Amino acid sequence: DDFNFLRQLIKVRRQVDKKTDEELLTLPHFEDSKLSTTVFILERICLLCVLKQQFPYGCYCALLAMELTLKIGISSHAPNVFYLYGAVEVASSFGEGNSG
């Protein structure tokens with residue numbers, strides 16, 4: 001549903017905008033295997049959705065993974081999550097009439 005995607009995008013954007021680059025780089029590390037596995041599964045679902053051209057679902061999973069990362073900290077999957085979040089931002093900018 002587009003409404004849920006947009007609501008999640010705005011929510012995550014606000015969370016990211018509240019943090020400086022330094023704060024993002026110094027998020028706490030965590031070793032909880034259940035949370036790490038959750039982030040990993042969301043990342044994999046996102047990639048599978050992209051391969052199946054189900055982009056809204058993939059973007060939503062990427063946003064959920066980013067939200068978890070911002071809330072609980074850095075796991076071994078964080079670099080991929082930041083990359084996926086950046087891809088969602090780029091993809092969403094095409095619908096906003098941006099020229100760059």
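Just so it is clear, the structure is predicted and the values come from calculations on it, not from any experiment.

A. Spotlight on the overall build of the chain. For the chain, the helix and strand inventory stands at five helices and zero strands. In sequence order, the secondary structure elements of the chain are arranged as α-α-α-α-α. Dimensions of the chain along its principal axes, counting C-alpha atoms only, are 40 × 30 × 20 Å. Taking all 100 residues of the chain together, the buried fraction comes to 36%. In the chain, the share of contacts with a sequence separation of at least 24, taken over all contacts with a separation of at least 6, comes to 76%. Carbon and sulfur atoms make up 59% of the accessible area of the chain, which totals about 6,600 Å². For the chain, the centre of its 10 positive side-chain charges and the centre of its 12 negative side-chain charges are spaced 7 Å apart.

B. Molecular detail of the packing of helix H3 (residues 33-51) against helix H4 (residues 55-72). Two numbers describe how H3 lies on H4: the axes approach to 7 Å, and their chain directions differ by 160°. Classified by the interaxial angle, the pair formed by H3 and H4 is roughly antiparallel. Where H3 crosses over H4, the handedness of that crossing is left-handed. Contacts between H3 and H4 involve Leu35, Thr38, Val39, Leu42, Ile45, Cys46, Cys49 and Val50 on the former and, on the latter, Phe55, Tyr57, Gly58, Cys61, Ala62, Leu64, Ala65, Leu68, Thr69 and Ile72. Partitioning the contact of H3 with H4 into residue classes produces 15 nonpolar, three polar and no charged.

C. View of the confidence of the model for the chain. Scored by pLDDT, the chain comes out at a mean of 89, with 92% of its residues at no less than 70. When pLDDT is averaged over each helix and strand of the chain, the minimum, 89, is found for helix H1 (residues 2-17) and the maximum, 94, for H3.

D. Region of interest: H4. Between the first and last C-alpha of H4 there are 26 Å, a value that for 18 residues agrees with the 26 Å anticipated at 1.5 Å per step. Along H4, the positions that sit buried rather than exposed are Gly58, Cys59, Cys61, Ala62, Leu63, Ala65, Met66, Glu67, Thr69 and Leu70. Downstream of H4 by one or two residues, Gly73 has phi in the positive range, about 115°.

E. Up close: the nonpolar core. With 22 residues, the main nonpolar core has Val12, Leu63, Met66, Leu70 and Val88 as its most contacted residues. Of all elements in the fold, only H1, H3, H4 and helix H5 (78-93) reach the threshold of two or more residues within this core. Per-element tally for this core: the top contributor is H4, with seven residues.

F. Highlighting the side chain of Glu67. Structurally, the position occupied by Glu67 is in helix H4. Judged by relative accessible area, which is 8%, Glu67 ranks as buried. Not counting residues within four places of it along the chain, the set of residues in contact with Glu67 comprises Gln8, Lys11, Val12 and Gln15.

Analysis parameters
Residues numbered from 1 in each chain as written. Predicted model: local features only at pLDDT ≥ 70, side-chain atom pairs only at ≥ 80, totals over all residues. Heavy atoms only, no water. Helix = DSSP H or I, 4+ residues; strand = E, 2+ residues; numbered from the N terminus. Buried < 20%, exposed > 50% of the residue type's maximum accessible area, 1.4 Å probe, protein only. Contact = heavy atoms within 4.5 Å. Areas by Shrake-Rupley, 256 points an atom, 1.4 Å probe, with all protein chains shown as cover. Lys, Arg positive; Asp, Glu negative; His and termini not counted. Charge placed at Lys NZ, Arg CZ, Asp CG, Glu CD. Axes fitted to C-alpha atoms, helices over the stretch in contact; angles between N-to-C directions. Parallel < 35°, antiparallel > 145°, perpendicular 65-115°, else oblique. Left-handed = near helix turned anticlockwise from the far one by under 90°. Nonpolar A, V, L, I, M, F, W, Y, C, P; charged D, E, K, R; others polar. pLDDT = per-residue confidence, 0-100. Expected span 1.5 Å × (residues − 1). Core = buried A, V, L, I, M, F, W, Y, C linked by side-chain atoms within 4.5 Å.

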